[in-house]
Amino acid sequence: MWSLLLLTCAGCSGPSTEADAPPAQPAGWLDELALRPVVDLNPDPNTLELNLEARVSNVELIAGKPTAMWTYDGGVPGPLIRAKVGDRLIVHFKNSLPEPTTIHWHGLRIPAAMDGALTHDQSPIAPGETFDYDFILPDAGTFWYHPHVNSATQVGNGLYGPLIVDDPAEPPELGDEAVLVLSDASIDEDGELAPGDAGGDFGTLFGREGDLILVNGRVNPTIFARAGLRQRWRLINAARSRFFELHLPGHDFTRIGGDGGLLETPEVADSVLVTPAERADVLVEPGRAGGQALTDGLTLLWHAHYRGYGTDFNRPDEDVLQLRFTGEAPARSAALPALSRTIAPLDTTGATQVDISLTISSPEQGPMTMGINGVPFTEASHLPARVGETQVWTVKNTFEFAHPFHLHGFFFQVLDVNGVAPAVREWKDTVNVQVDGQVRFVVKYDDRPGMWMFHCHILDHADAGMMGMVGLTQ
Ligand code: C2O
Ligand code: CU
């Protein structure tokens, strides 16, 4: 799949003796970002089997102010589900919410009956009911899980969790890892969650963003770090609508992975953009610059990314998390292995062309609905596809807001964004379609027939009708 080359540590600071332990992060460096683990009920090392319950629980987003949130196992986010590629995952799920739900395993290439989407491959799980999810984890990467019923409200109320699939062949030198689930929430003075339909049609049109930015369910948490050491952040945008454009002043990010595991080659940039449902696997060396002991620390900033009418107007940067350093001189991590992964381009010759327009009803048509090619999900017929078929999708935005477009069950390769080919090849399941923009991607369907949803992952837009289905048959 991908190979690595160990480079010599050119320019490593000073000679080290056998006795020197390599520099390490301070004990408890991630305590404020701890994710709850799951209990594995299965002794087989290649099977992860767990119980998971969706229920309303009190969560303290702000200390001393409990908020009744919708949770997996009592916390926001849900527990970290982590296994290795090829493992079997069994989840005994119980719905203890006051309404039906499902779990969608975002980005996993699993059978349609396990996908948790609202199609005839799976019906919603009623309150008090259970469902056993059971499938093989086919790909390494950073994924997440969330409901697919009334999803803007259910996700907005706190139902989302991280799912990491490890590749045991990956080198350990990539960095000290933090899984960072990015989201937001709005609560009032009494700690009450804002209603799912706050702001009416305007809220739906803009996509509802919460006032509190959350990382692993905490407001502005701190990472206690040894300056200079490389950290690997697996970023997951689990917000119902908020885009996360992140900046760490004075620092670059090396993006090594995305939705579908590692990129062909890493990409360096001074910011990272993670639109709703996207993931980014980035390396960063906080406090590396200067060689001085850092006492002040650093702040990871959220920057208002333009995603349509007024969405970046007059919005100052906000703190996402703090980095505090030990006060020792900056250390250096072992040299980064040269990462490369071979991702063969999908052949587009003879591919079926699929045209998708992301649309909104006009005011004369009555209550606002959104749709695909003018048709809201409730009236949509499915788009036909055959196992083994290759399709090239052209997804066009026809209105004033950007749409992170997601296809269930299959990775695709982006061919171009507004006519420009991406710099590196990667597997994706969600891609942002900018205002007035257009994205073309190629997808090849493997042998998993069924109904597969596609939709805008601004969940307010999805629930307003911007969803469709691929009907995949033999
Ligand atoms: Cu995370 Cu239907 O999506
Ligand atoms: Cu949208």
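Residues numbered from 1 in each chain as written. Chains lettered and ligands numbered in written order. Predicted model: local features only at pLDDT ≥ 70, side-chain atom pairs only at ≥ 80, totals over all residues. Heavy atoms only, no water.

S.K.: Explain the overall build of the chain here, please?
M.R.: Counting secondary structure elements, the chain contains three helices and 32 strands. By the compact-globule yardstick of 23 Å for 474 residues, the chain fits well, its C-alpha radius of gyration being 22 Å. With the principal axes as the frame, the chain shows a C-alpha extent of 70 × 60 × 50 Å. Taking all 474 residues of the chain together, the buried fraction comes to 55%. A separation threshold of at least 6 residues defines the contact pool for the chain, and within that pool the share at least 24 residues apart is 77%. (Helix = DSSP H or I, 4+ residues; strand = E, 2+ residues; numbered from the N terminus. Rg over C-alpha atoms; globule rule 2.2 N^0.38 Å. Buried < 20%, exposed > 50% of the residue type's maximum accessible area, 1.4 Å probe, protein only. Contact = heavy atoms within 4.5 Å.)

S.K.: Explain the coordination of the copper ion (ligand 2) here, please?
M.R.: Six octahedral donors around a metal ideally make angles of 90 or 180 degrees; four tetrahedral donors ideally make 109.5 degrees. Looking at the copper ion (ligand 2), the protein donor atoms are His403 (ND1), Cys456 (SG) and His461 (ND1), and they sit 2.0 to 2.1 Å from it. Motif for the copper ion (ligand 2), donor spacing along one chain: H-x52-C-x4-H. Of the two residues, His403 is situated in strand β27 (residues 403-407) and Cys456 in strand β31 (residues 450-456); the sequence distance between them amounts to 53 residues. (Donors = N, O, S within 2.8 Å, 3.2 Å for Na, K, Ca; no water.)

S.K.: What exactly am I supposed to notice about the sheet that holds strand β15 (residues 244-247) here?
M.R.: Paired through their backbone hydrogen bonds, the strands of a sheet run either parallel or antiparallel. Across the sheet, which stays open at both edges, the five strands sit in the order β13-β21-β20-β15-β18 with mixed pairing between neighbours. Edge positions in the open sheet fall to β13 (222-225) and β18 (272-274), since each of these has one partner strand only. With strand direction ignored, the average angle separating the axes of adjacent strands in the sheet is 25 degrees. Judged from the five bridges that link them, strand β20 (residues 298-303) and strand β21 (residues 318-325) form a sheet pairing that is antiparallel. Residue pairing across strands places Leu300 opposite Leu321, the latter belonging to β21. (Pairing = 2+ DSSP bridges. Axes fitted to C-alpha atoms, helices over the stretch in contact; angles between N-to-C directions.)

S.K.: Would you mind showing me how to read a negative patch on the surface here?
M.R.: A surface patch of negative charge is lined by Asp188, Glu189, Asp190 and Glu192. Here Asp190 lies in the loop between β10 (176-185) and α2 (200-206). (Patch = residues over 30% accessible without salt bridge, like charges linked within 9 Å, V, L, I, M, F, W, Y side chains within 5 Å. Areas by Shrake-Rupley, 256 points an atom, 1.4 Å probe, with all protein chains shown as cover. Salt bridge = Lys/Arg side-chain N within 4 Å of Asp/Glu carboxyl O. Lys, Arg positive; Asp, Glu negative; His and termini not counted. Charge placed at Lys NZ, Arg CZ, Asp CG, Glu CD.)

S.K.: Quick question: what am I supposed to make of the layout of surface pockets here?
M.R.: Over the atoms, a rolled probe matching the size of one water molecule traces out where space is still vacant. Estimates place the volume of the largest pocket at around 920 Å³. Lining of the largest pocket is provided by 35 residues; of these, Arg255, Glu267, Glu278, Pro422 and Glu426 occupy positions nearest its centre. Listed by contribution, the elements that provide at least two residues to the lining of the largest pocket are β16 (253-258), β17 (261-269), β18, β19 (279-284), β28 (413-417) and β29 (430-433). Of the residues in the lining of the largest pocket, the class split is 20 nonpolar, seven polar and eight charged. Formed jointly, the lining of the largest pocket draws a minimum of three residues from each of two domains, domain 2 (172-340) and domain 3 (352-473). (1 Å grid on protein atoms, 1.4 Å probe; cavity = no way out; pocket = protein on both sides within 12 Å on 5 of 7 lines; lining within 4 Å. Points joined across faces, edges and corners; volume = space filled by probe spheres on them. Nonpolar A, V, L, I, M, F, W, Y, C, P; charged D, E, K, R; others polar. Domains from an automatic or database assignment.)

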